[in-house]
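# Architecture at a glance
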Amino acid sequence: MDRRKFGTKFFTLVASSTFIGAWLKKATAQSSGYDPSKHYYGMGIQINKCIGCGRCADACKDENNVPKEPFFFRTWVERYLIKKDGDVTVQNIDKRINNTSENVTEKDILRSFFVPKLCNQCDNPPCVQVCPVGATFKTEDGVIIVDEDRCIGCRYCIQACPYGARYLHPENQTADKCTFCYHRITKDLLPACVEVCPTQARIFGDLRSSTSPLGRFKRLNKLHVLKPFLNTEPKVSYSDLDGEVR
Amino acid sequence: MTQPVHQMLYELLKQATGFIYPNEIEVHWGILVVVYPYLTGLVAGAFILASLVKVFNVKEVQSVYRLALLTALSFLLIAPLPLLLHLGHPERSFEIFLTPNFTSAMAMFGFVYAWYLMVVLLLEIWFTYRKDIILWSKNESFTMRWIHKILSLFSTDISEKATLFDKKMVKAITIIGIPSAFLLHGYVGFIFGSIKANPWWSSVLMPIVFLFSAIVSGIALVILIYMVVTPSRKQKIDMACLDKMASYLFYAVIIDFSLEFLDFIHRLYESEESIKILSDLVVNKLFISLGIIQILLGMLLPLGIMVVIKLFRVDAELRKLLYFVSAILIQLGIFATRWNVVVGGQMFSKSFRGLTAYKMELTGIEGLLMTLVLLVLPFIVLTILIKILPPWEHAPVSDLEAVSD
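Residues numbered from 1 in each chain as written. Chains lettered and ligands numbered in written order. Predicted model: local features only at pLDDT ≥ 70, side-chain atom pairs only at ≥ 80, totals over all residues. Heavy atoms only, no water.

### Quick look at the overall build of chain A
Per the secondary structure count, chain A includes seven helices and 11 strands. Every one of the 246 residues in chain A was classed for burial, and the buried ones make up 50%. For chain A, contacts bridging at least 24 residues in sequence account for 62% of all contacts bridging at least 6. When the accessible area of chain A is evaluated, it comes to approximately 12,500 Å², of which 53% is carbon and sulfur surface. (Helix = DSSP H or I, 4+ residues; strand = E, 2+ residues; numbered from the N terminus. Buried < 20%, exposed > 50% of the residue type's maximum accessible area, 1.4 Å probe, protein only. Contact = heavy atoms within 4.5 Å. Areas by Shrake-Rupley, 256 points an atom, 1.4 Å probe, with all protein chains shown as cover.)

Rendered as C-alpha cells:
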C-alpha cells in the first residue's frame, strides 16, 4: 500500500469510527429512556416518622461503597434530646462515634427526636462555587455530584459545605457525598436510603410534580430547610423541624 | 510511620467534645496549608518593602532593595509547593490551569500567581540587574559568564539610553507591582474569607488582615536576613537603613493589631449564633497559640520593645539586638496567626455544638519534618540567587565607560 492510500484509509477509518461511536452513544442514551431535562429532584424528610433505626445510613454505605468506618457518611442520623431545663444534647446514633457519655433520665426530657441528615443538594451550592476545577457540579436534573476522575482532592468543597455533608474518600483521595443514588434514580429506582426506610420518613421525588408523594408531602406540611440564612436554597426539606436543629 | 486515616481518627475522636458532624473529625487543612499563606505573606511583605524604595524614593532603605526583591522571589518559588503536596491528587493539579472554574477563589490562584511571578517580580528583577549582569559577564569564568549571558537574555545594550529605559521600566513595574502584591495576599485572605459556612473565616476584613500581617512578616524577614547576611560578609550594618525598616515594621504592626482588634470587637458586638462555640474555641483550643504566642509574644512584646526604642535613646548595639529579637518574635507571631486562622477555623463543628482536635504528625507528607523542610527551602533558593545575582555588587562605573567606549 502506498503512503497516499494508507493515509486515505487511515483517515476514513478514524472518521467513520468517530461517527459510529457518536451514533452508538446517542442510541444507547435514547434506549435507556432517561431524559434529565424532564426531572428536578428533591427530598422530603418527616422528622416525626424517623425512629432512628439507622438502616438508611447502613444501606447508603452498602450501596455507594462508602467506607464502613464511622468517619465517612453520605447520610447519617442525629438524635436530639431537649431537656426541661433547656439544655440540648445531640448524639450520632452510630454508637462508635457517640462520644457523649451523658446519661439523661426520661423524666428530664422535654422532647426527643431523630433527624436524618444528608447532602442538601443546594440549588445555590457553595461547594460547586468553590471547586477550582469544576469537578463538583450540578446536573441538569438538579443533583450535585463529584467527578472523581477530575477532583484534585484540595478539599475546598468540604470546607465550604455548611452541612458537613462531604468527606474525603480515604482510598480515592477525592471528595465524596450523597448523590441521591444517581445511578439508581436515572433507572427510575428510589435512592437506597429511601427504599429501606421502614417508616417512610424519607420521601424522594420530582420537585416539579404535584401528584407525586413528594408533591403531596410539600402540599400537606409546613416545611423548613437547614441554615436558610446562608442562602444555599436546599432541595432537602424537613417537616416538623425543631429550631434546635442546625 | 503514618497511620491509616481511620486509626488516627479513632484517636482524635477521644479528644472531641460536644457534638460534631460525623464527617468533621478529620481536620482537612493541616500544617501545610498553614505554611502556604505564611510563605506568600513573606513574599508580599518583602516586595512592598522593596517598592517603598522605588516609589517613595526612601534613600535609607536603598541598600536592601535588591535583597528584598530576591527574598520575595525565592519565597514565591517555594510557596506553591505545600499546596501541591497537600492535594489528594497532585498529578491533576494542572487542571486548575486548563479548565479553571472561574467562580472559585482557589482557581484564580494560578492566574494571580503567574501574573505576580512573571509580570511583576521576574521583570522587575531583570530590569534592575540587566546592566550589571552584562558587565559582570565580561570578566568571569566560563560557567558564570554563560549563566549571566542567558539571564540577560543575550542583551548587550548598556548605553545611557538603554539604562535609562531600564530605570523607567523598574519604576513602572513597581507601580503595577504594589497593587499586585496586595492582590496576591488579598486573594489568599479571600480564599478563607469567602467561606460563608465558617464564621471564624467568613469576614470581609479577612483579606485586609491577611495583607497587613503579610507586610509585617515580610519586613521582619528582610530585617532578619539583612542582619544575618551583612556581618557574614564582614560588612557593617547600616543603622539608618535598619532604623528605617524597623520604623516601617512598627507602623505595620500597629495597623495589623488595630485591624485584628477591630475584627474581634466586631464579632463580639454582633454576637451571632456562633459566638458561644467561638469563645469555647479561643478559650480551650487556641489559648496558647492565639493568646500567648500570637498576641502577647508576637505582637504586644515587640510593639513594647519598639516603643521603648522610639522613646529612649538606646545605643546602636543594644538596638540591633532588640530589633533582632523583635523580628524573630514577629515571625513567630505571624506563623501563629496563620495557624490560628487555618487550623482554628476547623476545630469547631459547623453544627456549633462541639470541638474537634488536630494532631500533627512528625513524619509523612503532612508532618512536622516536611514543614521544616518547606520553611528552609526558600533560604536555600535565596542563597543560590544571591550567588548568581549578588544584591550588593554593582558594576563599577569605570567598567560601564570602558564598554560604552
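Let us keep going from here.
### Comments concerning the sheet that holds strand β2 (residues 75–83) of chain A
All names here are of chain A. Strand order in the open sheet formed by three strands is β3-β2-β4, and the pairing between neighbours is antiparallel. Of all the strands in the sheet, just β3 (88–92) and β4 (109–118) have a single pairing partner and so form its edges. Strand-to-strand twist across the sheet, computed as the mean angle between neighbouring axes with direction ignored, equals 20°. (Pairing = 2+ DSSP bridges. Axes fitted to C-alpha atoms, helices over the stretch in contact; angles between N-to-C directions.)

### Side note on unusual backbone geometry
Residues other than glycine seldom take positive phi values, yet R155(A) does so here, at roughly 70°. Within the fold, R155(A) resides in the loop between β6 (144–146) and α4 (156–160). The phi torsion at S271(B) lies on the positive side, around 40°, for a residue other than glycine. Considering the arrangement of structural elements, one finds S271(B) in the loop between α10 (239–270) and α11 (275–285).

### Let's talk about empty space enclosed by the protein
Under the defined criterion, the tally for this structure stands at seven cavities of 30 Å³ or more. Here the largest cavity is characterised by a volume of approximately 170 Å³. In this structure, the largest cavity is lined by 14 residues; those nearest its centre are Q159(A), E24(B), H28(B), Q346(B) and K350(B). When its residues are assigned to classes, the lining of the largest cavity shows three nonpolar, seven polar and four charged. (1 Å grid on protein atoms, 1.4 Å probe; cavity = no way out; pocket = protein on both sides within 12 Å on 5 of 7 lines; lining within 4 Å. Points joined across faces, edges and corners; volume = space filled by probe spheres on them. Nonpolar A, V, L, I, M, F, W, Y, C, P; charged D, E, K, R; others polar.)

### Some points on the environment of E106(A)
Residue and element names in this part refer to chain A. Relative to the elements of secondary structure, E106 occurs in the loop between β3 and β4. The exposure class of E106 is exposed, given its relative accessible area of 72%. Remark: the alpha-carbon pair of E106 and L81, spanning 25 residues in sequence, is separated by 9.9 Å.

### What to know about the pattern of salt bridges
Evaluation of the coordinates by the stated rule reveals 21 salt bridges over all chains. A salt bridge links E95(B) to R150(A); the nearest nitrogen and oxygen atoms lie 3.8 Å apart. In this pair, E95(B) sits in helix α5 (residues 95–98) while R150(A) sits in the loop between β6 and α4, so the two residues belong to two different chains. Residue E95(B) is classed as buried on the basis of its relative accessible area, which comes to 16%. On the basis of relative accessible area, R150(A) is assigned to the partly exposed category, the value being 28%. One salt bridge in this structure joins K320(B) and E317(B), with 3.1 Å as the shortest N-O distance. Residue K320(B) and its partner E317(B) are both found in helix α13 (residues 316–342); the two are separated by three residues, about one turn of the helix. Shared partners join several salt bridges into a network, and the residues in it are E63(A), R184(A) and E195(A). (Salt bridge = Lys/Arg side-chain N within 4 Å of Asp/Glu carboxyl O.)

### Overview of the side chain of D176(A)
Residue and element names in this part refer to chain A. Along the chain, the position of D176 falls in strand β8 (residues 175–176). Here D176 falls in the buried class, since its relative accessible area comes to 12%. Polar contacts involving the side chain of D176 include one to the side chain of R74, which spans 2.9 Å. A distance of 2.4 Å separates polar atoms of two side chains, one belonging to D176 and the other to Y167. The residues contacting D176, other than those within four sequence positions of it, are V66, R74, A165, R166, Y167 and H169. (Polar contact = N/O pair within 3.5 Å; in protein donor to acceptor, adjacent residues only side chain to side chain.)

### A word on the interface of chain A and chain B
Contacts between the two partners involve 55 residues from chain A, matched on the other side by 44 residues from chain B. Together chain A and chain B conceal approximately 4,200 Å² of surface at their shared face, both sides included; 53% is due to carbon and sulfur atoms. Interface area lost by chain A to chain B is led by F71(A), Q159(A) and R246(A), which between them contribute 19%. Linking chain A with chain B are four salt bridges, by the criterion used here. Residues R155(A) and E26(B) are paired through a salt bridge, measuring 3.6 Å at the closest nitrogen-oxygen approach. Taken together, the connections running from chain A to chain B amount to 28 residue pairs in polar contact (both at pLDDT 80 or more). Where the side of chain A that touches chain B is concerned, the elements lending two or more residues are β2, β3, α3 (126–130), α4 and β7 (167–168) of chain A. (Buried area = accessible area lost by both parts, 1.4 Å probe.)

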